[in-house]
Number of protein chains: 2
Amino acid sequence: MKKLIVTLSREYGSGGLEIGRALAEALGLPFYDKKLLSIAAEKSGFSEELLRQAESKATNSLLYSLATSLGVGAYGPDTLSLYDKMYLAQFDVIRQVAEEGSCVIVGRCADYVLREQENCLHFFLHAPLEDRMNRAIKEYGDDPANIKSVVLKHDKARANYYYHYTNQKWGDAKLYDMTLNTSRTGPEGAVKMLLHYLETVKAV
Amino acid sequence: MKKLIVTLSREYGSGGLEIGRALAEALGLPFYDKKLLSIAAEKSGFSEELLRQAESKATNSLLYSLATSLGVGAYGPDTLSLYDKMYLAQFDVIRQVAEEGSCVIVGRCADYVLREQENCLHFFLHAPLEDRMNRAIKEYGDDPANIKSVVLKHDKARANYYYHYTNQKWGDAKLYDMTLNTSRTGPEGAVKMLLHYLETVKAV
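Note that the structure is a prediction, hence the values are computed from the model and not measured.

Sorry, what's going on with the interface of chain B and chain A here?
One widely used convention gives an interface's size as the accessible area the parts lose upon coming together. Each side of the interface is counted separately: chain B has 25 residues, and chain A has 25 residues. Buried surface at the junction of chain B and chain A, both sides included, amounts to about 2,200 Å², of which 54% is carbon and sulfur. When residues of chain B are sorted by the area they lose upon contact with chain A, K174, R184 and T200 of chain B head the list and together hold 26% of the total. When the shortest N-O distance is used, the salt bridge between E11 of chain A and K174 of chain B registers 3.6 Å.

What is the right way to look at the sheet that holds strand β1 (residues 5-10) of chain A in this model?
Picture the strands of a sheet paired through backbone hydrogen bonds; they go either parallel or antiparallel. Within the open sheet, the 10 strands sit side by side as β2(A)-β3(A)-β1(A)-β4(A)-β5(A)-β5(B)-β4(B)-β1(B)-β3(B)-β2(B). Their pairing is mixed. In the strand order of this sheet, the two ends are held by β2 (31-32) of chain A together with β2 (31-32) of chain B, each with one partner. Pairing of strand β1 (residues 5-10) of chain B with strand β3 (residues 103-106) of chain B, which is carried by four bridges, proceeds in the parallel orientation. Looking across to β3 of chain B, one finds that T7 of chain B is bridged to I105 of chain B. Running at roughly 155° to strand β5 (residues 178-181) of chain A, helix α9 (residues 182-200) of chain A makes contact with β1, β4 (120-126) and β5 of chain A together with β4 (120-126) and β5 (178-181) of chain B of the sheet.

How should the pairing of β1 of chain A be read in this particular structure?
Note on strand geometry: in a regular strand, side chains alternate between the two faces of the sheet. Where burial is concerned, most of β1 of chain A is hidden: six out of the six residues are buried. Side chains I5, T7 and S9 of chain A of β1 of chain A all project onto a buried face; the interleaved residues V6, L8 and R10 of chain A project onto the opposite face, where all are buried too.

Calculation notes
- Residues numbered from 1 in each chain as written.
- Chains lettered and ligands numbered in written order.
- Predicted model: local features only at pLDDT ≥ 70, side-chain atom pairs only at ≥ 80, totals over all residues.
- Heavy atoms only, no water.
- Contact = heavy atoms within 4.5 Å.
- Buried area = accessible area lost by both parts, 1.4 Å probe.
- Salt bridge = Lys/Arg side-chain N within 4 Å of Asp/Glu carboxyl O.
- Pairing = 2+ DSSP bridges.
- Helix = DSSP H or I, 4+ residues; strand = E, 2+ residues; numbered from the N terminus.
- Axes fitted to C-alpha atoms, helices over the stretch in contact; angles between N-to-C directions.
- Buried < 20%, exposed > 50% of the residue type's maximum accessible area, 1.4 Å probe, protein only.

Have a look at this one:
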């Protein structure tokens, strides 16, 4: 098999993580998601706990959304710059694992980080809000009480930090080689379509 | 075969017209693009020539872009309202042909017009600007001298009238069941992927 890097961006609750893992398994490739955090911690000197906290703040906090959209922020420039350093540490790791060999990477602006990389395909997975709310309750154990706002907050945070680091609109079809509505295909159908795609463009 | 409506939205120069036609042929389905104009003319009482002129102004004129984005416009409310009437006549025809049976429809906000329609799948085709410029010169015979601005003007006009009639962002992945970068797949690969998709979701 030729070298192949796949990046998967996904809306919260679209099943992207599960689909990415199944794709990596089908292709026999290493799969990177949160694992990138531990590697970044090891290589950057930031403790994994600090990275995890920063990531959790970054994806959950409305203040972070405001901060990044304003470009300066409620956390103050020092704190933001710490986030930036930690994201940049992850971006370095993304570049390193892509350099080392074929793999599947989920999230973390990997599509942007690897935009110049050869043999690299970029996918985006999404689904209607209602379906994602149900999946988040059933599969991730999220609290049904405020599930709509939780899902929307995740979407917003992902869109915000994507924009912050790439200056591009997360989920804009033009950024990806293929996008899929996973409610229409189901998780297995999505994996099937990704494999069809790789065959069609002779990437495998 | 079950009833199946396919809508294809596409960037100028992405090969969407050719791909849509090949898909319709492979499925043995009627294909609607400019043909909708003649049908709308026949049914609405507007002359086909007037509809064609309006469409050509709508997709080529910077003034129209400004007009629709401002919501009132340099053409004045009367002229705009004529455009609106003519588009609405086309939307009626889209609903009618979809009601009548399976088909493939390219462009004209058909994805939005048929958003509530059952057995209806929505696709968006795009490609990098450079490739679209080359295709427009080679395949459509566009003048190479100012090709970049021509392609960008078409994109802008499509995005503007899509926004004008739907209040949504043309090319936002979330609006489509699948989107494809046709430079990566090639036209034949894109048709192949569309057929794979229809099989995967058991639409055919």
